[in-house]
Each structure stands twice: as structure tokens, then as C-alpha cells.
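Tertiary structure, described
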Amino acid sequence: MERRPASRTSTLYLFALPATLLFVVFIAYPILWVAGQSLYIRSGSGVSSFAGLANYVTVLGDPTFWIVVRNMLLWGVITIPVQMLIGGLLAYFIERHTHALRGFFRTMFFLPVVTSVSVISLVWVQIYAPYYGIAQEYLKHVGFVMMTSPIGDPKMAIYALILVNIWQWTGFSMLMYIAGIANLPSEVLDAARVDGARGWRLAVYVIVPMLAPATKSLLLLGVIGTLQTFPIVHLMTGGGPNRASEVFGTFIFKQSFVLGDTGSGAALSVIVLVVALVLSLLQIVTLGARLTPAGKERA
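Remember, predicted model here, so these are calculated numbers, not experimental data. (Residues numbered from 1 in each chain as written. Predicted model: local features only at pLDDT ≥ 70, side-chain atom pairs only at ≥ 80, totals over all residues. Heavy atoms only, no water.)

Helix and strand counts for the chain stand at 13 helices and two strands. Taking 2.2 N^0.38 as the reference for a compact globule, 299 residues should give roughly 19 Å; the C-alpha atoms of the chain span a radius of gyration of 24 Å, well beyond that estimate. Total accessible area on the chain stands at roughly 18,200 Å², and carbon and sulfur atoms take up 71% of it. The centroid of the 19 positive side-chain charges in the chain is displaced by 4 Å from the centroid of its 11 negative side-chain charges. (Helix = DSSP H or I, 4+ residues; strand = E, 2+ residues; numbered from the N terminus. Rg over C-alpha atoms; globule rule 2.2 N^0.38 Å. Areas by Shrake-Rupley, 256 points an atom, 1.4 Å probe, with all protein chains shown as cover. Lys, Arg positive; Asp, Glu negative; His and termini not counted. Charge placed at Lys NZ, Arg CZ, Asp CG, Glu CD.)

Shown next, in the form of C-alpha cells:
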């Protein structure tokens, strides 16, 4: 191989230096610091003492942890496929069956994504309000009267929040699929039509398989987003009632900043990080992402 001049190599390292410093200062160092804090227990006087893996044992033995795990599984299993399905359908009909109002529909369905979470929380709290909320007005027509808000019912709270999350983020899935549809090769679609593919057959057997890259990206982002869930739950229920809607974000916040148990909060953060890394790597490997050069891409 041709050897680069030393001056050129030094220049390349200088170009990489700013990104490397940002990574070390804002990602690597905080991760290592939190991992270190997870090995210590802080007493009431503020003195920290080494505890090894005691914080992890405490966290894993806490019944609330397993409630959170259940809520996270429900959140991911429901929100990710529903958002992709609705977003894909919206993208298909907007791109294939609208013309003059295409920009309007894109904007309207994407608007919740860029709306402040605080505003969304306030609006949906009013929608869910018993007796006078919008949801109650529709339920009156089928003879049902809500005595309490869904976010105040331990059995319904997590599902009510999942609905809000789906409403907020479906527009992002729609946008990803719109970008995918726009990049579909027209010659392939024309050939499919010549072969007799029309309507739902064209969509299911031609367009959907060709949108696999967008689907894989949304799946990966959905898993990471599920583990990062915090604002909407914190603002609407705070993880209640009785921990029924607790997620990792609110659980870590309470342990670290409300109860002052920074060791357990750090241990929870490390657990979430490990879970996110494992799930991301599994998806990257199983979905055939490019972990090797283009010529040696895995099947």
C-alpha cells in the first residue's frame, strides 16, 4: 500500500480531533462517570462509600423495576408497529392519491412531531378529562360515561400514554416512508404495472419490500426512542398512579433526584444503556446492516 506523507496524516487527525473531543467530553466521559457512580452508595450525610454491585442487586430486586420492564415491553410492542403501519398507510395515500393538497396533508400529520411536549400533555389531559373531555363527548354516543380519567386508572394509564405517543410520532414514520417512496425507481414500478400489479398488489408485493431500509431504520429508532421515553410520562402522570405508568426515564429521575439515591439511579442508567446497546446490535446484525465494506455486506 502507498504510504501517506506524515504531514498529510497529521492533517487528517486534526480534522478528526473536534469530533473526537466532542465524543469524549459529552458521551464517553459521562458514561464512565455514571458507571463509576453506580458502584457507590451515598449516605444521608453525603459521604460515598464503595459498594460494588450492591446497587444493581437492589435495583433488580425492586418490584418497581419489573413493573417498568413490563411497561417498556408494552410500549415498544404496541407503539413501534402501530406507528409504522399507520405512517406507511398515510405516506402511501398522500403520495399516490393526493396532488394539490399533498403539502397540506404532510404538514398536518407531521405537526405533532414538532409540537412542544408540554402543549401536547396539556391538551391530552383535557381530552382525557372525565365528564367534559373530548373523549367523553364521543363515548356518550355509545352510552359510556367515564368516572375517572384514563391516566388516573392504574389499569388504563400506560395504554392512555401509549395512545398519546402514537399520535405524536406517527408523523415521523410517515415522513420516513414518504422519503422512501420518493426514491423508489420508477422503472421498477412501471415494470410491475406492465406485469399486472395494481392497487394493493402493487403496494404489498412491490412497494413494501422496497421500503425495507426505511422500515429497518424506524425499527431501530423506535427501540431507542422507547428506552428514552420520559417527557410525556413525566408531565402527564409522573409514573403514576401507584407506579402503573412508570418507565425507565421517570424511575431513574425519582431514584436520583427525588429520593437522592444516586447509586441506584446510576445503576439503572447503566442497565438501560446495556439493554439499548444489545438490542441495537441485534437489530443491526439480524437486519443486515452494513457492518463490513460494501463489497462484503452480509446477507
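Taken together, the side chains of Leu22, Phe23, Val24, Val25, Phe26, Ile27 and Ile31 present a nonpolar region at the surface, about 660 Å² in accessible area. Tracing the chain through its elements places Leu22 in helix H1 (residues 6-37). (Patch = residues over 30% accessible without salt bridge, like charges linked within 9 Å, V, L, I, M, F, W, Y side chains within 5 Å. Salt bridge = Lys/Arg side-chain N within 4 Å of Asp/Glu carboxyl O.)

The UniProt record marks residues 69-283 with the feature "domain: ABC transmembrane type-1" (unreviewed entry), using the residue numbering of this structure. In this annotation, residues 69-283 is assigned 75% helix and 0% strand; the end-to-end C-alpha distance for the span is 19 Å. (UniProt positions renumbered as here; feature names shortened; annotations may be inferred.)

This next bit is on the packing of helix H10 (residues 212-227) against helix H13 (residues 262-286). In contact at an axis separation of 10 Å, H10 and H13 are set at 170° when each is read in the N-to-C sense. The orientation of H10 relative to H13 falls into the category roughly antiparallel. When H10 is examined against H13, the residues Leu219, Leu220, Val223, Ile224 and Leu227 are found in contact with a partner set consisting of Val272, Val275, Ala276, Leu279, Ser280 and Gln283. Looking at the contact of H10 with H13 residue by residue, the classes come out as nine nonpolar, two polar and no charged. (Axes fitted to C-alpha atoms, helices over the stretch in contact; angles between N-to-C directions. Parallel < 35°, antiparallel > 145°, perpendicular 65-115°, else oblique. Contact = heavy atoms within 4.5 Å. Nonpolar A, V, L, I, M, F, W, Y, C, P; charged D, E, K, R; others polar.)

Turning our attention to the nonpolar core. Ranked by internal contacts, the top residues of the largest apolar core, which has 31 residues, are Trp75 and Met236. Mapped onto this core, the elements with two or more residues apiece are helix H2 (54-60), helix H3 (63-97), helix H5 (117-127), helix H7 (157-182), helix H11 (231-236), helix H12 (248-258) and H13. Look past the residues within four positions of Trp75 in its chain and what remains in contact with it is Ile80, Ile158, Leu161, Ile162, Asn165, Thr226, Thr229, Ile232 and Val233. (Core = buried A, V, L, I, M, F, W, Y, C linked by side-chain atoms within 4.5 Å. Buried < 20%, exposed > 50% of the residue type's maximum accessible area, 1.4 Å probe, protein only.)

The UniProt record marks residues 12-35, 72-95, 107-129, 156-181, 202-227 and 266-289 with the feature "transmembrane region" (unreviewed entry), using the residue numbering of this structure. Along residues 12-35 the backbone is 100% helical and 0% strand, and the end-to-end C-alpha distance reaches 32 Å. Across residues 107-129, the secondary structure splits into 83% helix and 0% strand, with the terminal C-alpha atoms separated by 28 Å.

A few words now on the pattern of salt bridges. One pass over the structure, following the stated rule, counts five salt bridges. One salt bridge connects Asp190 with Arg193, and the closest N-O pair in it is separated by 3.3 Å. Of the two residues, Asp190 and Arg193 are both situated in helix H8 (residues 186-194); the distance of three residues between them amounts to about one turn of the helix. On the basis of relative accessible area, Asp190 is assigned to the partly exposed category, the value being 41%. For Arg243, the salt bridge identified is with Glu246, shortest N-O distance 2.8 Å.

This part covers the environment of His141. Mapped onto the secondary structure, His141 falls in the loop between helix H6 (134-139) and H7. For His141, a relative accessible area of 70% gives the class exposed. Each C-alpha atom, one on His141 and one on Ile120, is 25 Å from the other, the two residues being 21 residues apart in sequence.

The subject of this paragraph is H7. The terminal C-alpha atoms of H7 lie 38 Å apart, and with 26 residues this matches the ideal 38 Å at 1.5 Å per residue to within 8%. Along its length, H7 reaches its greatest deviation from straightness, about 40°, at Trp169. (Expected span 1.5 Å × (residues − 1). Bend = angle between axes of the 7 residues up to and from the residue.)

The next subject is the side chain of Thr79. Mapped onto the secondary structure, Thr79 falls in helix H3. The class for Thr79 is buried, based on a relative accessible area of 2%. Within polar-contact distance, the side chain of Thr79 engages the backbone oxygen of Trp75 at 2.4 Å. Apart from residues lying up to four places away in sequence, Thr79 is in contact with Leu74, Ile162, Asn165, Ile166 and Thr226. (Polar contact = N/O pair within 3.5 Å; in protein donor to acceptor, adjacent residues only side chain to side chain.)

The next thing to look at is the packing of H3 against H10. Two elements in contact, H3 and H10, have axes whose closest approach is 10 Å; the angle formed by their N-to-C orientations is 150°. When the interaxial angle is binned, H3 and H10 end up roughly antiparallel. For H3 against H10, the interelement crossing comes out right-handed. Seen from H3, the contacting residues are Met72, Trp75, Gly76, Thr79, Ile80 and Met84; seen from H10, they are Thr215, Leu218, Leu219, Gly222, Val223, Thr226 and Leu227. Here the contact of H3 with H10 is composed, by residue class, of eight nonpolar, five polar and no charged. (Left-handed = near helix turned anticlockwise from the far one by under 90°.)

What follows deals with the confidence of the model for the chain. Residue-level pLDDT values for the chain average 88, and 92% of them are 70 or greater. Mean pLDDT across the elements of the chain bottoms out in H8 (82) and peaks in H11 (96). The low-confidence segment residues 290-299 (pLDDT under 50) makes eight contacts with residues lying over four places distant or belonging to another chain. (pLDDT = per-residue confidence, 0-100.)

Relative to the helices and strands, Leu161 resides in helix H7. Taking the C-alpha atoms as reference points, Leu161 and Ala16, 145 residues apart in sequence, are found 42 Å from one another.

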